[in-house]
2 protein chains.
Amino acid sequence: MTNLIRSWVESANAPETNFPLNNLPYGVFSTDGGAPRCGTAIGDSILDLAALETEGVLDFGGTLGTGSWNSFMERGLAEWARLRTELTRLLSEGEPPRPGDLVALENARLHMPFTVAEYTDFYASRNHAFNVGSMFRGPENALPPNWLHIPIGYNGRASSVVVSGTPVRRPHGQLKGPNDEVPRFGPSRRFDIELEMGAVVGQASDGPLAVGEAFDNIFGFVLLNDWSARDIQGWEYQPLGPFQAKATATTISPWIVTAAALEPFRVAPPERELPLLPYLAEPGPMNYDIALEIGLTPEGGRETVISRTNFREMYYSTAQQLAHHSSSGCPMRVGDLLGSGTISGPGKASRGSLLEMSWGGREAIEIDGGTRTFIEDGDTLTLRGAALGNGFQIGFGECSGKLLPSRVLR
Amino acid sequence: MTNLIRSWVESANAPETNFPLNNLPYGVFSTDGGAPRCGTAIGDSILDLAALETEGVLDFGGTLGTGSWNSFMERGLAEWARLRTELTRLLSEGEPPRPGDLVALENARLHMPFTVAEYTDFYASRNHAFNVGSMFRGPENALPPNWLHIPIGYNGRASSVVVSGTPVRRPHGQLKGPNDEVPRFGPSRRFDIELEMGAVVGQASDGPLAVGEAFDNIFGFVLLNDWSARDIQGWEYQPLGPFQAKATATTISPWIVTAAALEPFRVAPPERELPLLPYLAEPGPMNYDIALEIGLTPEGGRETVISRTNFREMYYSTAQQLAHHSSSGCPMRVGDLLGSGTISGPGKASRGSLLEMSWGGREAIEIDGGTRTFIEDGDTLTLRGAALGNGFQIGFGECSGKLLPSRVLR
């Protein structure tokens, strides 16, 4: 385990900060209604990378002033490494070129850190697949026959991806309970979260990638909440998969934590229950040890942490998912977002969705001042995550969203 | 039925042309390696709309020089109508402002007519759903319980959409036959086409659309071939739907035939077998009478037309599909592409995929000089379509692609 790299930004040396110098996560921010620009979080501040490029301290072809990390990502792996090296040097030695280059986090508005090209969501945590499969198809058919061979995924809706803090409106949809004769159209009553990690693809490709190549093409990670209307999903998903159940919103955290920052936290995957085909073979450990939690805060109430789990639980790594995604020749693009799939641990306290925590709505969970099966109007759901180092942590910040009541339709 | 509007471009008055003045389809073309620009097809020529805007004959904010129709579409419905009116006047009266503004179709290279924001594929022809359902799940479970209530759709992969003429490479994937103990990774042996229409969304929305509003937001239509690897699909698609089976390529025709041009060809949908929920109610006929056919040409051989069907066969209209797509609050974007789903008629000669024509590969179909179950390397598949008027037709041109052998993987 590496140790803390000390910075002259004193708040970055505190053990509890999400953003020590070891992290250097990339986001897009604005101040006082100005233009969104690229920055890196350091302690309780943001270093204004667009300003540093304007001042000539950095030179990445003007990409840091574009209000999105896509153009920078396109420059390739050597440039990713060069920026990290230069920032590490700038923030460990000396002082900022100009005092104004360091902005207080609390004075900044955070935007989507990148333009989502396309969004894919996977289904790659064994405990989650077993739990949900049991509820939808019974325990004997819980794990589909292909599950131990394929990192199952489906295409999601990129237009619905929003940054942390964006309110989410309870959706309408077609609903049909098991005892209803016909479906009806109305607000979802089983609206849920999914605790996931999102991987940001930083390099385009146009043919099958080996797992090692896929690993190299991942720029970094965000927390991801794949809001899901379980009642819409249950009725619509056969035979072509989830569609409107997952199209209302997907929330991501505002800071892309780079693969480079997470390098010391790579761990081996769980044991393989069946041999994987050679095209999914990993040249090294490609899972990550990242502690995760979900907080639920009712309107005007206090937060309860309702689950604690870890990204290392994934049966398939992000690199395997990307390799599989490209296996048909599917062109991958800079800015593609890959949701890991809900991350559930083995125990009840480590489940990544309310569907699992309440076992299909049958067992309410306790929260401060009440109980929950699914999300109620006014609830705020917050994901947090961090890789824990020796006296420091590589934090992701928060991925948060409040549920608003459904629209009144004409 | 309206009659031919005569043009001074003589070739546009011939009964067999795809592009009479009644059509005015929108594409993107280039000549002599120059920059791609917007044009409209008229008879055997293209009217260079970028040039007309440069000359001041048209004024649409420079959008016609952008090499994509997205910026023009964003200008909205009134501008769509104004361009059509001005072009109809320009091409029926007088002569071109400059002779060079009219380019011979045969000298032009055609590009993607718009940037695909996101791609959604539906499953909305009753005959196709029944045929495929019978093969995948048996005739007793052919039509899923939700099918007569929901225009079933799933998100596809926008990065894989290519313009007619682009070769398609036979994909690799995980394959497992019903008698195989374990899957293997290799080239697809059951590679197929799907004859569809693609609708181009021309206006953004951010909440549930009524069917009438959805209808108005459709800019136009293209032919669409949703290439499908049936063996990959059969093994991967449960429970989250098709993924790599549909990610290799989707080919579209280069000309967007506008909804305005197709207005005289609106027809009522097939009779509803069950009542639809009110949010899917159509304020008028929203299907289209468009004759469709599929040609198969082996390497070095002659074309056989292997199917003839009609877009009017759809159980759900494009407007209903878009209304359903937006029902959860899913944000829709300019340039979203909605595949209708495979269009199969009632008889064997009107099936929209080889899967159906060969009944899962069991009954080879006859072609000139041989037989086929699925596509063989070197085969070219060509879709054609036209709405048939009184002495003229609103043609779509061709949607064509040749299958290349699979890659040799390391």
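Residues numbered from 1 in each chain as written. Chains lettered and ligands numbered in written order. Predicted model: local features only at pLDDT ≥ 70, side-chain atom pairs only at ≥ 80, totals over all residues. Heavy atoms only, no water.

A.B. asks: Explain the pattern of salt bridges to me, please; I cannot follow it from the model alone.
C.D. replies: Any two side chains of opposite charge can pair, given that their charged atoms come close. All chains considered together, the criterion is met by 56 salt bridges over all chains. A salt bridge links Glu 363 of chain A to Lys 348 of chain A, with the nearest nitrogen and oxygen atoms 3.0 Å apart. Here the residue Glu 363 of chain A occupies a position in the loop between α9 (354–357) and β23 (365–367), and Lys 348 of chain A occupies one in the loop between β22 (337–339) and α9, the gap between them amounting to 15 residues. Taking the relative accessible area as the measure of exposure, Glu 363 of chain A reaches 37% and is therefore partly exposed. Between Glu 299 of chain B and Lys 402 of chain B there is a salt bridge; the shortest N-O distance is 2.7 Å. Of this pair, Glu 299 of chain B sits in the loop between β20 (291–297) and β21 (304–310) while Lys 402 of chain B sits in strand β26 (residues 393–404), and the two are 103 residues apart along the sequence. Among the residues examined, Lys 402 of chain B registers a relative accessible area of 28% and is labelled partly exposed. (Salt bridge = Lys/Arg side-chain N within 4 Å of Asp/Glu carboxyl O. Helix = DSSP H or I, 4+ residues; strand = E, 2+ residues; numbered from the N terminus. Buried < 20%, exposed > 50% of the residue type's maximum accessible area, 1.4 Å probe, protein only.)

A.B. asks: Help me understand the sheet that holds strand β1 (residues 26–30) of chain B in this model?
C.D. replies: Sheets are built from strands that pair by backbone hydrogen bonding, the pairs being arranged parallel or antiparallel. Residue and element names in this part refer to chain B. With antiparallel pairing, the 5 strands of this open sheet are ordered in space as β4-β3-β2-β1-β5. Both edges of this open sheet fall to β4 (102–104) and β5 (109–111), since each of them pairs with a single strand only. Averaged over all pairs of adjacent strands, the angle between their axes in this sheet comes to 50 degrees, without regard to strand direction. (Pairing = 2+ DSSP bridges. Axes fitted to C-alpha atoms, helices over the stretch in contact; angles between N-to-C directions.)

A.B. asks: Before we go on, may I ask you to explain the pairing of β20 of chain B in this structure?
C.D. replies: Put simply, side chains in a regular strand alternate between the two faces of the sheet. All names here are of chain B. Among the 7 residues in β20, 6 count as buried, and that is most of the element. Two elements, β20 and β21, share 6 bridges in a ladder whose sense is antiparallel. For Glu 293, the partnering residue across the bridge sits in β21 and is Arg 308. Linking two consecutive strands that pair antiparallel, namely β20 and β21, is a turn of 6 residues; a positive phi of about 70 degrees is found at Gly 300 within it. Alignment of β20 against strand β25 (residues 380–388), held across 7 bridges, turns out to be antiparallel. What sits directly across from Leu 296, in β25, is Leu 381.

A.B. asks: What is the right way to look at the confidence of the model for chain A in this model?
C.D. replies: Atomic detail in the predicted coordinates should be set aside for any region of low pLDDT. Residue and element names in this part refer to chain A. On average, chain A scores 96 in pLDDT, and the residues at 70 or more come to 100%. Averaged over each element, pLDDT in chain A is lowest for helix α4 (residues 126–137) (90) and highest for strand β14 (residues 218–225) (99). Under the prediction, the complex receives an ipTM of 0.97, its pTM being 0.98. (pLDDT = per-residue confidence, 0-100.)

A.B. asks: It is not clear to me how unusual backbone geometry should be interpreted in this structure. Could you clarify?
C.D. replies: Peptide bonds are, in most cases, trans, and in most cases residues other than glycine have a negative phi. Backbone torsion omega between Gln 238 of chain A and Pro 239 of chain A reads 5 degrees, so that peptide bond is classified as cis. Assignment of secondary structure puts Pro 239 of chain A in the loop between α6 (230–236) and β16 (250–252). Its identity as a non-glycine residue notwithstanding, Leu 24 of chain B has a phi of 55 degrees, on the positive side. Checked against the element boundaries, Leu 24 of chain B lands in the segment before β1. Looking at Leu 24 of chain B, the relative accessible area reads 0%, which means it is buried. The phi dihedral of Trp 359 of chain B is positive, around 45 degrees, even though this residue is not glycine. Structurally, Trp 359 of chain B can be placed in the loop between α9 (354–357) and β23 (365–367).

A.B. asks: Which parts of the structure should I look at to understand the relation of the copies chain B and chain A?
C.D. replies: One copy of the chain maps onto the other through a rotation about an axis plus a displacement along that axis. For the pair chain B and chain A, the relating rotation is 180 degrees, the translation along its axis is 0.0 Å, and the fit reaches an RMSD of 0.0 Å. The relationship between the two copies is best expressed as a two-fold rotation axis. Closest to the rotation axis within chain B is the C-alpha of Gly 241 of chain B, separated from it by 2.2 Å. In this assembly the copies share their binding face: 100% of the residues contributing to the interface of chain B also contribute to that of chain A. (Least-squares fit on C-alpha atoms with pLDDT ≥ 70 in both. Contact = heavy atoms within 4.5 Å.)

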